[in-house]
Amino acid sequence: MRKGKIYVVSGPSGVGKGTIVRKLIEDYDNIALSVSATTRSPRTGEVDKVHYFFITKDEFTEIINKDGFIEYAEYCGNYYGTPKAAVYEKLEQGIDVILEIEVQGGIQVMEKFPEACGIFILPPSMAVLEKRLRGRQSEDEETIQKRLKTAKEELSKVSMYDCFVVNGPIEKAVEDVAEIILKNRE
Ligand code: 5GP
């Protein structure tokens, strides 16, 4: 049986990668989204174990010590990591797995798994990115500034990914990512 493939989906905060991947797993079969662990606080509407495993710094360190993460990184003052077990289980079942993660973690995964496919999501422009980040209304100004600065650093890493998709109209971006995945299945 064919094993599943890892897709690393990265891009600056606010670019809309979350919306793209959620739509993708709704619309297409045999593709799952890995649920990460994080030490950041839940935003309004975020549900523990659905959007993230919201855990303490001590719990996060314990998982690192048990070698329980495929990768992990610090991002804007919080820790984020991909738990191993669920991902490996799905790959064994022939299900493709999307890791929606930032670039430091994305690069770790692509180094560890050379067969993984890295997809970078680009905003149509920096102005659009800032507008989306502000429109979310879930972060204070300091956090927005931090995320915008990090976004510029992240955008410089686009060439380390196998391909990129511009997130203009959402339906088109979903189709573009799906096309990459379906081509890899041929
Ligand atoms: P947010 O706080 O906006 O949910 O996520 C901040 C950043 O962390 C985003 O770029 C998101 O893709 C990334 N992220 C989410 N989960 C993980 C993970 O498990 N590992 C890494 N390295 N980054 C993650």
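Residues numbered from 1 in each chain as written. Predicted model: local features only at pLDDT ≥ 70, side-chain atom pairs only at ≥ 80, totals over all residues. Heavy atoms only, no water.

1. A few points about the site of the ligand
Which entries qualify depends on this criterion: For this description, a residue counts as near a given molecule or strand if any of its non-hydrogen atoms is within 4 Å of it. N or O atoms closer than or at 3.5 Å make up a polar contact, with two conditions inside protein: a donor-capable atom paired with an acceptor-capable one, and, for residues adjacent in sequence, both atoms drawn from side chains. Note on conventions: DSSP H or I runs of at least 4 residues are helices, E runs of at least 2 residues are strands, and numbering of each starts at the N terminus. For this classification, Asp, Glu, Lys and Arg are treated as charged, while Ala, Val, Leu, Ile, Met, Phe, Trp, Tyr, Cys and Pro are nonpolar and the rest, including Gly, are polar.
The environment of the ligand is made up of 16 residues, and the closest members are Ser-36, Arg-40, Tyr-52, Tyr-80 and Glu-102. Measuring from a nitrogen atom of the ligand, one finds a side-chain N or O atom of Glu-71 at 2.7 Å. Between the ligand and Gly-81 there is a distance of 3.0 Å, counted from an oxygen atom to a backbone nitrogen or oxygen. For the shell around the ligand, the secondary-structure elements that each account for two or more residues are strand 5 (69-75) and strand 6 (78-83). For the shell around the ligand, a count of residues per class yields 5 nonpolar, 4 polar and 7 charged.

2. Some words on the pairing of strand 8 (residues 117-122)
What counts here: Throughout, exposure labels follow a simple rule: accessible area from a 1.4 Å probe, protein chains only, divided by the maximum for the residue type, with under 20% read as buried, over 50% as exposed, and the rest as partly exposed. Strand pairing is defined by DSSP finding a minimum of two bridges between the two strands.
In terms of burial, strand 8 is a largely internal element, 6 of the 6 residues being buried. Going residue by residue along strand 8, you find Cys-117, Ile-119 and Ile-121 tucked away on one face and Gly-118, Phe-120 and Leu-122 tucked away on the opposite face as well. With 4 bridges connecting them, strand 1 (residues 6-10) and strand 8 associate as parallel partners. Across the sheet, residue Val-8 finds its bridge partner in strand 8, namely Gly-118. In terms of strand pairing, strand 8 meets strand 9 (residues 163-166) through 4 bridges, oriented parallel. The partner of Phe-120 across the bridge, within strand 9, is Phe-164.

3. Notes on the sheet that holds strand 9
Put simply, the rule is: For helices, the fitted axis covers only the stretch in contact; all axes are lines through C-alpha atoms, and the angles between them, taken along N-to-C directions, range from 0 to 180 degrees. In what follows, a contact means two residues having at least one pair of non-hydrogen atoms within 4.5 Å.
Read across the open sheet, the 5 strands follow the order 2-7-1-8-9; overall the sheet is parallel. If you trace the sheet from one side to the other, it starts and ends with strand 2 (31-33) and strand 9, each paired once. Between one strand axis and the next, the sheet turns through 25° on average, direction left out of account. Along the sheet, helix 3 (residues 84-92) contacts strand 1, strand 2 and strand 7 (96-100); its crossing angle with strand 7, the most-contacted strand, is approximately 150°. The sheet strands contacting helix 4 (residues 103-112) are strand 1, strand 7 and strand 8, and the helix crosses strand 1 at an angle near 155°.

4. A closer look at helix 3
The condition is simple: Directions from the helix axis toward the C-beta atoms define the arc.
Among all positions of helix 3, only Lys-84, Val-87 and Leu-91 are buried. Projected down its long axis, helix 3 carries its buried residues within an arc of 80°, all on one side. In helix 3, the exposed residues that point more than 90 degrees away from the buried face are Ala-85 and Glu-89. Packing partners of the buried residues in helix 3 comprise strand 1, strand 5, strand 6 and strand 7. Of the residues flanking the end of helix 3, it is Gly-94, one or two places downstream, whose phi is positive at about 80°.

5. Description of the environment of Gln-93
By the secondary structure assignment, Gln-93 is in the loop between helix 3 and strand 7. C-alpha separation for the pair Gln-93 and Asn-30, spaced 63 residues apart in sequence, amounts to 9.3 Å.

6. A few points about the sheet that holds strand 5
Spatial strand order, 4-3-6-5: 4 strands in an open sheet with mixed pairing. In the strand order of this sheet, the two ends are held by strand 4 (53-54) and strand 5, each with one partner. Two strands pair when backbone bridges link them, and strand 3 (residues 37-38) and strand 4 are joined in this way by 2 bridges, in the parallel orientation. Within strand 4, the position partnered with Ala-37 by the bridge is Phe-53. Contacts from helix 2 (residues 57-65) reach strand 3, strand 5 and strand 6, with the element oriented near 140° to strand 5.

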